[in-house]
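Residue-level listing of the chains:
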Amino acid sequence: MLERIEELRNEARTAIDAAPDAAALEDIRVRYLGRKAELTAILRGIGELPPEQRGPVGKTGNQARVELEGLLGAAKEKLEAAELNARISGESIDVTLPGTPPVRLGHLHPLTRTRREIEDVFVGLGYKVMEGPEVEHDYYNFTALNHPPGHPARMLQDTFYVDPASLGADPELYGTDGAALELPPGPRDVLLRTHTSPMQVRSMEDATPPIFIIVPGRTYRRDSDATHTPMFNQIEGLAVGEDITLADLKGTLLTFARAIFGPDRELRLRPHYFPFTEPSVEVDVSCFRCSGTGVMTVGGSEERCNLCKGTGWLEILGSGMVDPNVFGFVREHGYDPERVQGFAFGMGIERIAMLKHGVPDLRMFFDDDVRMLEQF
Amino acid sequence: MRAPMAWLRSLCDPGLEARELSERLSMTGTEVERVLEIGAPSADGFVVGSVLAAEQHPNADRLRVCTVDTGDDEPRTIVCGAPNVAAGQTVAVVLPGAVMPGGTKLGKAKLRGIESAGMILSETEMELGEDSDGIAVLETDAAPGAPLAEVLPVSETVLELEITPNRADCFGLFGIAREVHAVTGAPLAEAPWATDAEASGEDDASDHASVAVQVPELCPRFTARVFADVTIAPSPLWLKARLIAAGQRPINNVVDITNYVMLLTGQPLHAFDLDEVPGGEIIVRAATDGEKMTTLDDVERTLDTDTVVVCDRNGPSGIAGIMGGQISEVSDKTTRVLLEAANWDGFNILRSSGFLGLRSEASTRFEKGIHPDLTMRAQAVASKLLVDLCGARLVPGTIDVDARLPRFEPRELTLRADRVEAILGMPVSVAEMTEYLERLGFGVENGGESGGEGVMRVAVPADRHLDTTREIDLIEEIARVHGIDEHLPATLPDRGESVGGLQRHQALIRRLEDLLRDSGLDEAVTFSFVAPDREGVPGLDEVAPVVVHNPLSEDQSAMRTDLLGGLLAAVGRNLARGAESVALFESGRAYLPERPPSAGGPAAGDFAGVRTAPIAEPHRLAAVVVGPLAPGSWRGQGRDADFYDAKGLLELLAEAMGAPLTLEPAARPFLHPARAAEVSFGGAPAGWIGELHPSVLAAIGARAGVAFEIDVAPLLEAASVGAESFEDVTTFPAVGEDLAVVADADVPSDRIVATVAEAGGELLRSIRVFDVYEGEQVGAGKRSLALHLLFRASDRTLTDSEVAPLRERIVDALGGIGASLRG
Ligand SMILES: [Zn+2]
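As the structure is a computational prediction, the values presented were derived from the model and not from experiment.

### What to know about the overall build of chain B
1) Next: Looking only at helices and strands, one finds 20 helices and 38 strands in chain B.
2) Next: In terms of C-alpha radius of gyration, chain B reaches 42 Å, well past the compact-globule figure of 28 Å for 823 residues.
3) Next: The principal-axis extents of the C-alpha atoms in chain B amount to approximately 130 × 80 × 60 Å.
4) Next: In chain B, the proportion of contacts linking residues at least 24 apart, taken out of those at least 6 apart, comes to 70%.
5) Next: Surface summary for chain B: the accessible area is close to 34,900 Å², and the carbon and sulfur share equals 48%.

### Looking at the coordination of the zinc ion
Residues and elements named next belong to chain A.
1) Next: Distances from the zinc ion to its protein donors, C287 (SG), C290 (SG), C305 (SG) and C308 (SG), fall at 2.2 to 2.3 Å.
2) Next: Each of the four donor atoms bound to the zinc ion contributes to angles spanning 104 to 114°, and the resulting shape is tetrahedral.
3) Next: For the zinc ion, all donor residues lie on one chain, and their spacing in sequence is C-x2-C-x14-C-x2-C. Of this pair, C287 sits in the loop between β7 (277-286) and β8 (295-298) while C305 sits in the loop between β9 (301-304) and β10 (313-322), and the two are 18 residues apart along the sequence.
4) Next: With a relative accessible area of 0%, C305 lands in the buried category.

### Side note on helix α12 (residues 471-482) of chain B
One full turn of an α-helix is made of 3.6 residues, so residues set three or four places apart face in the same direction.
All names here are of chain B.
1) Next: Between the first and last C-alpha of α12 there are 16 Å, a value that for 12 residues agrees with the 16 Å anticipated at 1.5 Å per step.
2) Next: Of all 12 residues in α12, 12 are buried, a share of seventy percent or more.
3) Next: The set of residues buried in α12 consists of E471, I472, D473, L474, I475, E476, E477, I478, A479, R480, V481 and H482.
4) Next: Immediately beyond the C-terminal end of α12, within one or two residues, lies G483, with a positive phi of roughly 110°.

### A word on the sheet that holds strand β4 (residues 64-69) of chain B
The strands making up a sheet associate through backbone hydrogen bonding, with each pair oriented either parallel or antiparallel.
1) Next: As summarised here, the arrangement of the five strands in space is β5-β4-β3-β6-β9 (chain B), forming an open sheet in which the pairing is antiparallel. The strands lining the two open edges of the sheet, one partner per strand, are β5 (76-80) and β9 (119-120) of chain B.

### Quick notes on the sheet that holds strand β18 (residues 315-319) of chain B
Residues and elements named next belong to chain B.
1) Next: Ordered in space as β11-β14-β17-β18-β19, the five strands form an open sheet in which the pairing is mixed. Edge positions in the sheet fall to β11 (210-213) and β19 (323-324), since each of these pairs with one other strand and no more.
2) Next: Two elements, strand β14 (residues 281-286) and strand β17 (residues 308-312), share four bridges in a ladder whose sense is antiparallel. The residue of β17 that forms the bridge with A286 is V308.

### A word on the pairing of strand β25 (residues 455-460) of chain B
1) Next: As paired elements, strand β23 (residues 411-416) of chain B and β25 of chain B share six bridges and run antiparallel to each other. Note that in β25 of chain B the partner of E412 of chain B across the bridge is A459 of chain B.

### Quick notes on a negative patch on the surface
1) Next: Side chains of D533, E535, D541, E542, E554 and D555 of chain B sit close together on the surface and give a patch of like negative charge.
2) Next: Considering the arrangement of structural elements, one finds D533 of chain B in the loop between β27 (529-530) and β28 (558-559).

### Some thoughts on the domain arrangement of chain A
1) Next: The assigned domain composition of chain A is domain 1 (2-89) and domain 2 (110-373).
2) Next: Summarising the inter-unit geometry, the C-alpha centres of domain 1 of chain A and domain 2 of chain A are found 87 Å apart.

### Points about the pairing of strand β30 (residues 619-626) of chain B
Residues and elements named next belong to chain B.
1) Next: Counting buried positions along β30 gives eight out of eight residues, so the element sits mostly inside the fold.
2) Next: Across the two faces of β30 the burial is the same, with H619, L621, A623 and V625 and R620, A622, V624 and V626 all buried.
3) Next: As paired elements, strand β29 (residues 582-589) and β30 share eight bridges and run antiparallel to each other. The residue bridging G588 from the neighbouring strand is R620, located in β30.
4) Next: In this sheet, strand β34 (residues 705-711) lies alongside β30 in antiparallel orientation, the contact comprising seven bridges. Residue R620 lies in a different strand from β34, and its bridge partner there is D711.

### Overview of the interface of chain B and chain A
1) Next: The interface is formed by 101 residues belonging to chain B together with 113 residues belonging to chain A.
2) Next: Of the roughly 9,100 Å² buried at the junction of chain B and chain A (both faces included), carbon and sulfur atoms supply 56%.
3) Next: Together, V525, R611 and P614 of chain B form the three largest contributors to the area buried by chain B at its contact with chain A, with a combined 8%.
4) Next: E513 of chain B is the salt-bridge partner of R116 of chain A, the closest N and O atoms lying 2.6 Å from each other.
5) Next: Counting across the interface, chain B meets chain A through 67 residue pairs in polar contact (both at pLDDT 80 or more).
6) Next: No other element matches the seven residues that helix α14 (residues 504-518) of chain B contributes to the side of chain B that touches chain A.

Reading guide: rules and limits
Residues numbered from 1 in each chain as written. Chains lettered and ligands numbered in written order. Predicted model: local features only at pLDDT ≥ 70, side-chain atom pairs only at ≥ 80, totals over all residues. Heavy atoms only, no water. Helix = DSSP H or I, 4+ residues; strand = E, 2+ residues; numbered from the N terminus. Rg over C-alpha atoms; globule rule 2.2 N^0.38 Å. Contact = heavy atoms within 4.5 Å. Areas by Shrake-Rupley, 256 points an atom, 1.4 Å probe, with all protein chains shown as cover. Donors = N, O, S within 2.8 Å, 3.2 Å for Na, K, Ca; no water. Tetrahedral: all angles 85-135°; square planar, octahedral: opposite > 155°, others 65-115°. Buried < 20%, exposed > 50% of the residue type's maximum accessible area, 1.4 Å probe, protein only. Expected span 1.5 Å × (residues − 1). Pairing = 2+ DSSP bridges. Patch = residues over 30% accessible without salt bridge, like charges linked within 9 Å, V, L, I, M, F, W, Y side chains within 5 Å. Salt bridge = Lys/Arg side-chain N within 4 Å of Asp/Glu carboxyl O. Lys, Arg positive; Asp, Glu negative; His and termini not counted. Charge placed at Lys NZ, Arg CZ, Asp CG, Glu CD. Domains from an automatic or database assignment. Buried area = accessible area lost by both parts, 1.4 Å probe. Polar contact = N/O pair within 3.5 Å; in protein donor to acceptor, adjacent residues only side chain to side chain.

Structure below.
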């Protein structure tokens, strides 16, 4: 009897493995586990067996039944899954066709992106971001930044002045404070700021040292060609405390340059002249295209790097130690030139964006051609 | 400023190639913009020759066959076309194989049957002058065969320097030489003014001329010397060569000397033909208003009362410090010269040259401000040259009208060694400081009566009097000569307790910009200035702009009062280039000629600083969408954006800020009159929104378009973002209820929603419009709004018996505005 159960079990296993579809499985179930099946009959007839056989036959028979039910269930699931897959596999699509975007992707202007990148670097260094007026008093733009009355930057050919008649009737706002240059036709006090530097003085009037700020914003000069637009964007930096040195300026700008242009960059400081810093330096960063060598290897031959014009250096900004005369204008706000010192710098955002992204002509930034904007 | 290398080396020779010297100068504050090569590419093959014989060419009338000793074993035969070549002359010879200025290589040539082994050079060929008729005869003791470069600059390298405005001293070559001396340590030649010319004769300058200065503040010093027996002639070659290399055209010996001395000392001079000055009387005065004179460049100039003129008895003969006049110009006939070396107020020269639109080598130097003592230096150098080169007799005596203004008194500064390190953050020894300053011409005395160790008394030389007025100016000199790039460490400042970061409005504006970007708009940056007619967009010119007094062009002469105009122009440009749909936004300021707000922060135009800004500069956001905002794909094109799409953008911004947004119908000339609204945030007016007027669309070639422009400040003022607090919405679930409200079609949905909200009270937590129906089922002139209401209490689960009375109150309230539930 036990041998017969084993036989049935083996037969059924083989049949389940070979079943091609659900219908065949159902036949197998009826044949081996159905009401009329031999195994069912054996189990049903256990009571008629001699007592010593009842235990072993019952146990073996039940084991066989449980196993076969399990095998049948598993085989059925497998076959059904295969049939479902067979059914939907005909519903094929071209996965290489474009998807349907939920929204169109817009773009921030490259100048905004560059400005934010620079802001974020200085925010990380502990600077606060400030803004100031673009239509500004001569006092903040020139006088308090140590530009003597006759400074050439004050000439009509370099600086945009505002027609006082267009400012309304509130003389307090455009009065001739500051030492405006008297050029025909008359005194001028209100101008379009030529740099973001006026905020140095405004910020120092507003807060006592230590002060660490950057000032992004629009600036204006009377120039127009491939490298000058009458409107452009700058970021000013100002750090004033009791013991901030020229070496601190170098370290700060080196950190900035590496954050923006890559970790291997080096800086070069060339002494220069600005009316409101002393000592003043122009700052070059080592060229990131040719790694400062001035030479590019193109297809085995060496060519002059056209980004840095073979010099290995890219000029990026002007800076220096705040001139004591500037502190003199805010002395009463806590800036005694004998007690405080610090540095200032100013950079053109367009210049940085042009270098980073290879934009060849400054004017492209203000044309707003979507074919250009969508590259960023 | 051009610095010819050979001339510079004669004053200070650091033994460096032009490139190396340029590098050194650039790294110490004197930027070399370019290194120019003038003349022949190389001096090889250019030698001194001695003409032994010059015979007529047998086959050509105009050629001569010369025998020339060029230091070789045998003299060479050179065929020459110059009429003035003669035996006994020392000439410049170029040998076959040498490369001429311009790049051609000289070969052996047969001229009418006779082979010429070289060429005798004319001034033109050496690029020294325009006299090409004859060969250049050299005045030199150099032996035949000596390199020509020892006599004349054959192949000249010129540094083109960018002199910073504080360094007027470097507008003279000796100043540049001193700078080279300072930054390299190479020895500096004796100052060219160290010795003066010998005067002779019994007369005195004052016998020949007189000078009266009526404006001493503007003419701090006027010196004049008189030269008799002057012979006007071309300058010697070496002088011409130096002038040309420095970028000046040789004219005649007297004029060339004035230019040469200016180039060397930085002090401009002017030579008068004294016989053309009636009575020898010179008067320096302010011009009268409208006074006219003709300058050397043959232009009649109209002067004003701030212009200073140098006059003779009859009127102006020159504009002080800017340009001389024709009246007493030195000519071939001149025999008596009055040489002026005067000092003029820099600011006045700058003003006058700006007023006249006339700049010159002289005005460029005076406008930076130079010290009156330089006049006598220039007189000394020029006198020697006039005596040596023009055969002139220096008449004894100098006419010297010196106002002795206190601002030019010699200056002494105190320099503290510890201050140098405190500013720079790098150590420089007292010995080094002393050396650097002394090389630059400063007098340094250590210690002294007032100071102890490390305190120096520094005497400022006349050259540096105007730009070196404080200790910090000395520290800068020390820093740059010591080598900032070479020695300065890179450190970071101690920031103490200061905390960085974006201000709230800056972070929120970034978020607003990002939202517009992520909604499918591209960010534009347009110019702040616009045409006064605002590109013809109707209504924009109703706001008076801030006007630029000196714009580059008329269409950039007004500051924008809106962002719309620039955006429309940008959209129009893109459409003209073939774009089918354009969605642009701008985040920036408008410029309004009104008093700026005294609150609201920078976004409103309320800036830091004691003095109020001259105008109001509110930060704005504006957008223009032409065509679909939703992206198209191969499954279908997006629908052209309409009013509700634009409003959807504003709602997105308002929701992100947690600010309540309301719109009220209101027309603007550039908007569709029936599809336009005023925008408010939290009740404060902020701008407008609408579909663009068909005429505005037509002007930019668009078929449909929407726009908005809002002030950011009211939005941020109403914003609650950042101040959120947690609310439990899970413990006690909300109860939903839908209402279909029928009202006259012209009752704004806002009003219905507001009525429902008020009647629903605290428990009514939200109202959403989910359907709008107009048609037969509600009757003509009526509209049905389907509202989804959500009721919730924070402390219990609401029951129907609590919600039912609220519903009744809502229905009653709706009845009050003529609305009812749909039956
Ligand atoms: Zn490079």
